[in-house]
Amino acid sequence: MKIAVIGQSLFGKEVYKELRKDGHTIVGVFTIPDKDGKADPLASEAEKDGVPVFKLSRWRVKGQALPEVVSQYKATGPELNVLPFCSQFIPMEVIDHPKHGSIIYHPSLLPRHRGASAINWTLIHGDKKGGFTVFWADDGLDTGPILLQRECDVEPNDTVNTIYKRFLFPEGVKGTVEAVRLIAEGKAPRITQPEEGATYECIQKKENSKIDWNQSAEAIHNWIRGNDKVPGAWAEVDGQKVTFYGSTLIDNGVTANGRPLEICGASRPGVVTKAGLVLFGVDGGALLVKNLQFEDGKMIAASQYFSAGASAAVVLTEEEKAFAEQMRAVWQSILTNVSQIEDSTDFFKSGAASMDVVRLVEEVKLRASSCQLQNEDVYMNTTFQDFIQMCVRKLRGEDDEEELIVDYVEKIINNMTVKMPHQLFINGEFVDAEGGKTYKTINPNDGTAICDVSLAQISDVDKAVAAAKEAFDEQEWGKMNPRDRGRLLYRLADLMEQHQEELATIEAIDSGAVYTLALKTHVGMSIQTFRYFAGWCDKIQGSTIPINQARPNRNLCFTRKEPIGVCAIVIPWNYPLMMLAWKTAACLAAGNTVVLKPAQVTPLTALKFAELASRAGLPKGVLNILPGSGSLVGQRLSDHPDVRKLGFTGSTEIGKQIMKSCAVSNLKKVSLELGGKSPLIIFADCDMDKAVRMGMGSVFFNKGENCIAAGRLFVEESIHDQFVKKVVEEVKKMKIGDPLDRSTDHGPQNHKAHLDKLVEFCQLGVKEGAVLVCGGHALQRPGFFFEPTVFTDVQDHMYIAKEESFGPVMIISKFKSGEIDEVLRRANATEYGLASGVFTRDISKALYVSERLNAGTVFVNTYNKTDVAAPFGGFKQSGFGKDLGQEALNEYLKTKAVTIEY
């Protein structure tokens, strides 16, 4: 068809483009004149295509159509007028001229909300359903017959902007084009609008958008969001008009802690909090406003009301000055009507519109991708000088974010001052647990208390999950530019490296890890893990899949890898920081948000990590840390309906309970790294010295508190005695003592209950007849020290041959020469399957054994050789799912298949 497009704006531009794609001929575009030397987007697009464009300031005077304008219009010969968005009054001579008449897009479900502010009133009235109508134009105001309607749900915190971007714009373009298609096919209906339910509301302007405080909180919230961003709901505060933006309803039970703010006419003062300005309705309900704008056009975060303008200007470096000049050129290219961009040039007073804001934000990203602006940042910094200051602060990581307040416990230890957070970390803040509940975390070296730590309660879990959910849903952490997410994780790894000695010291005093090992492995591998997964952020991708074609049409099928949402992570006490890193790095890289429960006995490095993550720039709510009991915090995370994935490392017994709870609650995705009884087979043809050295490491590494520790060594009979002798000689050389002493080989066990279990384990071994060669006792000294222990002549039926000690206990059994399959049968005769190992110089034998060992990891002529790039996880009752490597990402992603027919 030959179509005249009458209207303006980006919406009009997209409708125009889609109509051309559909094969229609656009005979003319009738739009508004240029503003400040800039053409409307619809006009620019049509001019680019060579379509006649008529920029008309008006179509009629005193109610009478202008003959010359009507003649220009008729000369184009349209068969249909399409009015996608039009702010002008179009005379009936034009409306009725084409063969098919005229159709208009209207952003409400007619006959409800006739008039020019339909979206505003949809929200102001609190409608649960919204949508749009394409109708046949007549001489009434939005009263013509309905051609097509589409509806959508209105979310409780929708604004004009969010519902327009989510539904009214994209679906409205499609609906308008579909309406034209129906007309072309002769299938377009004309449904008379019912009078029942019809409403007409006035145009929302600044003068009639003042807030009436004599209403419920929900009604006030609807009024504010219904006027957000144009014209803006306002009230008198401190003698001036202040406009409110970004309203959300909040729970009635939430206590607003902050500074009171008197508002003229309000039933009670508002409260300026860290989250924004809390307002109240006459019903006692509350709402939160995020941004405020003053009469001079300056916009600020509501949380900064009492400190606005307090910060001093930053002095730019040479590199920052170069960036400023680049941005001056960008402003000049946007504000073409301004001869020169001065520091005082105001973006909006110089003629910029909302589309220019979008462009400016994108231009900044192109020149400084680490400077992530929101549209609000431009509205809050309207002069060039303020804009540059804001950008530079963001680039420096000093972008007026709330200062992180940390109530440290400080200790001078290990030749440094260690500063340890000790509160829960929820939604970007360190806070006390409900009721101020605490417990003492103990230094295993001497049994003394390190400090009191906040003890999370169920309500704290719910707050943390809610914060993580909001961060995922509202802040769109998962939809952040993946490279920017990667840069944040790199920055976090850099901060961890800067604090590595402090982290290692905390790890040593909280878990008993030898400092040098903590520095290299506990902390060192944690840093490597975050760097590794930071690199994966922009490499997560789906695939294109060939499928059978739906002839005569064709199909395209592809997959998307998407983040899951809120993930709970529950970690053990043997590697407090490293276990956090193994799971959290992959989880965050995939775009999820996290609620993590560290082991109750080792919470301190997790809390220090939370501080560093906040300082690295992770948005609020993305990471939450809850020290507490497994029976309370862990169970609530397993049961919580908003948690969509749970990653757990710990005992098989607890893993089974978690899996059951996750299934019963909401069928959470689960990955489990559980217990192990890893076999190590040492053949007579091994390198004996290496086998002894590695064999000792397989058992005594990290004082035996190692999930992949060799729980049982099978030594070929011909070298058994020699092997045992050499091991005992080396054990006797090991220095047991203070983990901060650089010469210490073997530190204390993690906690008293574990020490007691090791004593009991060894007593059972002796009772069953195993030969205790050395060790087997707790040391009679302060702290939780246990001797490195060696048992021989251990038979397959014995308790110590089947169960995990999780301590420095070497269990040695013989096997006869040539009985490879028999020793494999014995090695696999366990319900565990986490790791295993083999020492031999015969490569064929090594490959044969590694193929038949039923474990998630097989070490050949080495042990404990884990790497951030290699997947780690077990078989059987050692769990399922992988940490580390590319496979770990799949634990925190969901795969969506998309099939398109064309």
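Labelled according to an unreviewed UniProt entry, the chain appears under the name 10-formyltetrahydrofolate dehydrogenase, originating from Oryzias javanicus. Annotation of the chain in UniProt includes, under Catalytic activity (unreviewed entry), the sentence "(6R)-10-formyltetrahydrofolate + NADP(+) + H2O = (6S)-5,6,7,8-tetrahydrofolate + CO2 + NADPH + H(+)".

So, on to the overall build of the chain. Of regular secondary structure, the chain possesses 27 helices and 40 strands. Based on the C-alpha atoms only, the size of the chain along its principal axes is roughly 110 × 70 × 55 Å. Once local pairs closer than 6 in sequence are excluded, the contacts in the chain between residues at least 24 apart make up 69%. For the chain, the exposed area adds up to about 38,800 Å²; of that, 50% sits on carbon and sulfur atoms. Considering the chain, the positive charge centre built from 103 side chains and the negative charge centre built from 115 side chains are found 3 Å apart.

Per the counting criterion, the structure on display carries 26 aromatic pairs. Both rings, one in Phe30 and one in Phe54, keep their centres 4.6 Å apart while their planes meet at 10°; by these two values the pair is stacked. Placement of Phe30 in strand β2 (residues 25–31) and of Phe54 in strand β3 (residues 53–55) is noted, with a sequence separation of 24 residues between them. On the accessibility criterion, Phe30 (1% relative accessible area) is buried. Exposure remark for Phe54: the relative accessible area of 17% places this residue in the buried category. Aromatic pair Tyr532 and Phe533: ring centres 5.0 Å apart, planes at 85°, arrangement edge-to-face. With relative accessibility at 0%, the residue Phe533 sits in the buried group. Through a chain of ring-to-ring contacts, the aromatic side chains of Phe11, Tyr105, Phe132, Tyr164, Phe167 and Phe169 assemble into a single cluster. Here the guanidinium or amino end of Arg268 rests over the ring plane of Phe280, the centre of that ring lying 3.6 Å away.

Glancing now at the UniProt feature "site: Essential for catalytic activity" (unreviewed entry) in the chain. Here, the residues flagged by UniProt with the feature "site: Essential for catalytic activity" (unreviewed entry) are Asp142. With respect to the secondary-structure elements, Asp142 resides in the loop between β8 (129–136) and β9 (146–153). Each residue touching Asp142, except ones within four places of it in the same chain, is listed here: His106, Leu110, Arg114, Gly115, Phe135 and Gln193.

Scanning the model with the defined rule gives 48 salt bridges in all. For Asp158, the salt bridge goes to Arg166, with nearest N and O atoms at 2.7 Å. Across the pair Arg615 and Glu611 runs a salt bridge whose closest N-O atoms are separated by 3.1 Å. Of this pair, Arg615 and Glu611 are both found in helix α18 (residues 604–616), four residues apart, which corresponds to roughly one turn of the helix.

What follows deals with the environment of Arg367. Residue position: Arg367 is located in helix α10 (residues 354–367). Look at Arg367 and you get partly exposed, because its relative accessible area is 36%. With 117 residues separating them along the chain, Arg367 and Ile250 place their C-alpha atoms 38 Å apart. Of the polar contacts made by the side chain of Arg367, one reaches the side chain of Glu363; its length is 2.6 Å.

This part is about the environment of Ile681. By secondary structure assignment, the location of Ile681 is in strand β30 (residues 678–682). For Ile681, a relative accessible area of 0% translates into the label buried.

The next subject is the pairing of β2. With six of seven residues buried, β2 is to be regarded as a mostly interior element. As paired strands, strand β1 (residues 2–6) and β2 are joined by five bridges and run parallel to one another. Looking at the pairing, Val5 lines up with Val29 of β2. Crossover connection from β1 via helix α1 (residues 9–21) to parallel β2: handedness right-handed. Here three bridges tie β2 to β3, and the two strands are oriented parallel to one another. Across the sheet, the residue bridging to Thr31 is Lys55, located in β3. What joins β2 to β3 is helix α2 (residues 41–49), and the crossover it makes is right-handed.

On to the domain arrangement of the chain, then. Partitioning the chain into structural domains gives domain 1 (2–185), domain 2 (206–304), domain 3 (318–396), domain 4 (418–673) and domain 5 (679–873). One C-alpha centre belongs to domain 2, the other to domain 5; they are set 65 Å apart.

Pairing within the open sheet is mixed, and its seven strands lie in the order β3-β2-β1-β6-β7-β8-β9. In this open sheet, the two edge strands, each paired with only one partner strand, are β3 and β9. Going from strand to strand, the sheet's axes swing by 15° on average, the running direction of each strand aside. As judged from the three bridges shared by strand β6 (residues 80–83) and strand β7 (residues 102–106), these two strands associate in the parallel manner. Looking across to β7, one finds that Leu83 is bridged to Ile104.

Turning our attention to the packing of α1 against helix α7 (residues 170–184). Between α1 and α7, the least distance of the axes is 9 Å, while the angle of their chain directions is 45°. It follows from the interaxial angle that α1 and α7 lie oblique. Considering the relative orientation of α1 and α7, their crossing is right-handed. Every residue of α7 that contacts α1 at Phe11, Glu14, Val15, Glu18 and Leu19 is listed here: Gly172, Val173, Thr176, Val177 and Val180. Looking at the contact of α1 with α7, its residues break down into six nonpolar, two polar and two charged.

So, about the pairing of strand β36 (residues 835–839). Regular strands show a simple pattern: their side chains alternate between the two faces of the sheet. Counting buried positions over the five residues of β36 gives five, a clear majority of the element. Here β36 shows no split at all, with Ala835, Gly837 and Phe839 on one side and Ser836 and Val838 on the other all buried. Pairing geometry for β30 and β36, over three bridges, is parallel. What sits directly across from Ile681, in β36, is Val838. Relative to strand β37 (residues 857–860), β36 runs parallel, the two sharing four bridges. Following the sheet pairing, Gly837 is matched in β37 by Phe859. After leaving β36, the chain enters helix α26 (residues 843–852) and then returns to the sheet as β37, a path that is right-handed.

Before going further, it helps to examine the nonpolar core. Core analysis: the biggest nonpolar cluster contains 108 residues, and Met496, Phe530, Ile682, Leu713, Phe723 and Met810 have the highest contact counts within it. Tallying contributions element by element places helix α17 (residues 576–589) first for this core, with eleven residues. Three or more residues apiece are contributed to this core by two domains, here domain 4 (418–673) and domain 5 (679–873). Every residue in contact with Phe530, bar those within four places of it in the chain, is listed here: Leu489, Leu492, Ala493, Met496, Leu580, Ala581, Thr584, Ala585, Leu588 and Phe609. Counting residues in hydrophobic clusters, the runner-up holds 33 residues, among them Val51, Ile103, Val134 and Cys152.

What counts, and where the lines are drawn
- Residues numbered from 1 in each chain as written.
- Predicted model: local features only at pLDDT ≥ 70, side-chain atom pairs only at ≥ 80, totals over all residues.
- Heavy atoms only, no water.
- UniProt positions renumbered as here; feature names shortened; annotations may be inferred.
- Helix = DSSP H or I, 4+ residues; strand = E, 2+ residues; numbered from the N terminus.
- Contact = heavy atoms within 4.5 Å.
- Areas by Shrake-Rupley, 256 points an atom, 1.4 Å probe, with all protein chains shown as cover.
- Lys, Arg positive; Asp, Glu negative; His and termini not counted.
- Charge placed at Lys NZ, Arg CZ, Asp CG, Glu CD.
- Phe/Tyr/Trp six-rings, centres within 6.5 Å; stacked < 30°, edge-to-face > 60°.
- Buried < 20%, exposed > 50% of the residue type's maximum accessible area, 1.4 Å probe, protein only.
- Lys NZ or Arg CZ within 6 Å of the ring centre and 35° of its normal.
- Salt bridge = Lys/Arg side-chain N within 4 Å of Asp/Glu carboxyl O.
- Polar contact = N/O pair within 3.5 Å; in protein donor to acceptor, adjacent residues only side chain to side chain.
- Pairing = 2+ DSSP bridges.
- Right-handed = clockwise from strand over helix to strand, strands pointing away.
- Domains from an automatic or database assignment.
- Axes fitted to C-alpha atoms, helices over the stretch in contact; angles between N-to-C directions.
- Parallel < 35°, antiparallel > 145°, perpendicular 65-115°, else oblique.
- Left-handed = near helix turned anticlockwise from the far one by under 90°.
- Nonpolar A, V, L, I, M, F, W, Y, C, P; charged D, E, K, R; others polar.
- Core = buried A, V, L, I, M, F, W, Y, C linked by side-chain atoms within 4.5 Å.

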